[in-house]
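Fold and contact review
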Amino acid sequence: ALENSQFASELASKIASHISALPTIESDEAFVRTAFHTVLSVDANAQEVNVSIAAMREFCSIAAEADSADSADTATRSRVMLIHTLINHNDFVTIR
């Protein structure tokens, strides 16, 4: 239910905007590391960072082929998609 909810989508957009606006976010790597820390309260390891960046770039490529959105818009959307994925991560939705 959380995965496809409007609440999760809106939350992902707000979190992505907040992280992107931080002065320390100068790269996708910085965004990914901050996203993991913000959403999951963990430090992303090198593999998680690399896979997340690759997924964001793949999404940008697919979006660019599918429509004529500018690269800044697709980059923003890829960041929202990453946050949405982290919100649906088992470590976010499970209380241990």
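Residues numbered from 1 in each chain as written. Predicted model: local features only at pLDDT ≥ 70, side-chain atom pairs only at ≥ 80, totals over all residues. Heavy atoms only, no water.

Considering the overall build of the chain
For the chain, the helix and strand inventory stands at five helices and zero strands. Buried positions account for 30% of the 96 residues belonging to the chain. Nonlocal contacts in the chain, meaning residues at least 24 apart in sequence, comprise 54% of its contacts between residues at least 6 apart. (Helix = DSSP H or I, 4+ residues; strand = E, 2+ residues; numbered from the N terminus. Buried < 20%, exposed > 50% of the residue type's maximum accessible area, 1.4 Å probe, protein only. Contact = heavy atoms within 4.5 Å.)

Some points on helix α1 (residues 6-20)
Taking 1.5 Å per residue, 15 residues should reach 21 Å; α1 reaches 21 Å between its end C-alpha atoms and fits that length. Among all positions of α1, only A8, A12, I15, A16 and I19 are buried. Taken down its axis, α1 places every buried residue within 100° of arc, on the same side. Residues of α1 that are exposed and point over 90 degrees away from its buried face: Q6, F7, K14 and H18. (Expected span 1.5 Å × (residues − 1). Arc of directions from axis to C-beta.)

Comments concerning the layout of surface pockets
Considering only enclosed or pocket space, the largest pocket measures out at about 240 Å³ in volume. Together, 13 residues line the largest pocket, and V51, S52, L82, T85 and L86 are the ones closest to its centre. Elements with a minimum of two residues in the lining of the largest pocket: α3 (46-66) and α4 (71-87). Here the lining of the largest pocket gets six residues from one element, more than from any other, and that element is α3. For the lining of the largest pocket, a count of residues per class yields eight nonpolar, four polar and one charged. (1 Å grid on protein atoms, 1.4 Å probe; cavity = no way out; pocket = protein on both sides within 12 Å on 5 of 7 lines; lining within 4 Å. Points joined across faces, edges and corners; volume = space filled by probe spheres on them. Nonpolar A, V, L, I, M, F, W, Y, C, P; charged D, E, K, R; others polar.)

Some thoughts on the packing of α1 against helix α2 (residues 28-40)
Put simply, α1 and α2 touch, their axes get as near as 10 Å, and they point 125° apart. In terms of orientation, α1 lies oblique with respect to α2. When the axes of α1 and α2 are compared, the crossing they make is right-handed. On α2, the residues that touch I15, A16, I19 and S20 of α1 are F31, T34, A35, T38 and V39. Classifying every residue of the contact of α1 with α2 by side-chain character gives six nonpolar, three polar and no charged. (Axes fitted to C-alpha atoms, helices over the stretch in contact; angles between N-to-C directions. Parallel < 35°, antiparallel > 145°, perpendicular 65-115°, else oblique. Left-handed = near helix turned anticlockwise from the far one by under 90°.)

Brief notes about the confidence of the model for the chain
Residues at a pLDDT of 70 or more form 86% of the chain, whose mean pLDDT is 87. Model confidence for the chain, summarised as mean pLDDT per element, is weakest for helix α5 (residues 90-93) at 60 and strongest for α2 at 96. (pLDDT = per-residue confidence, 0-100.)

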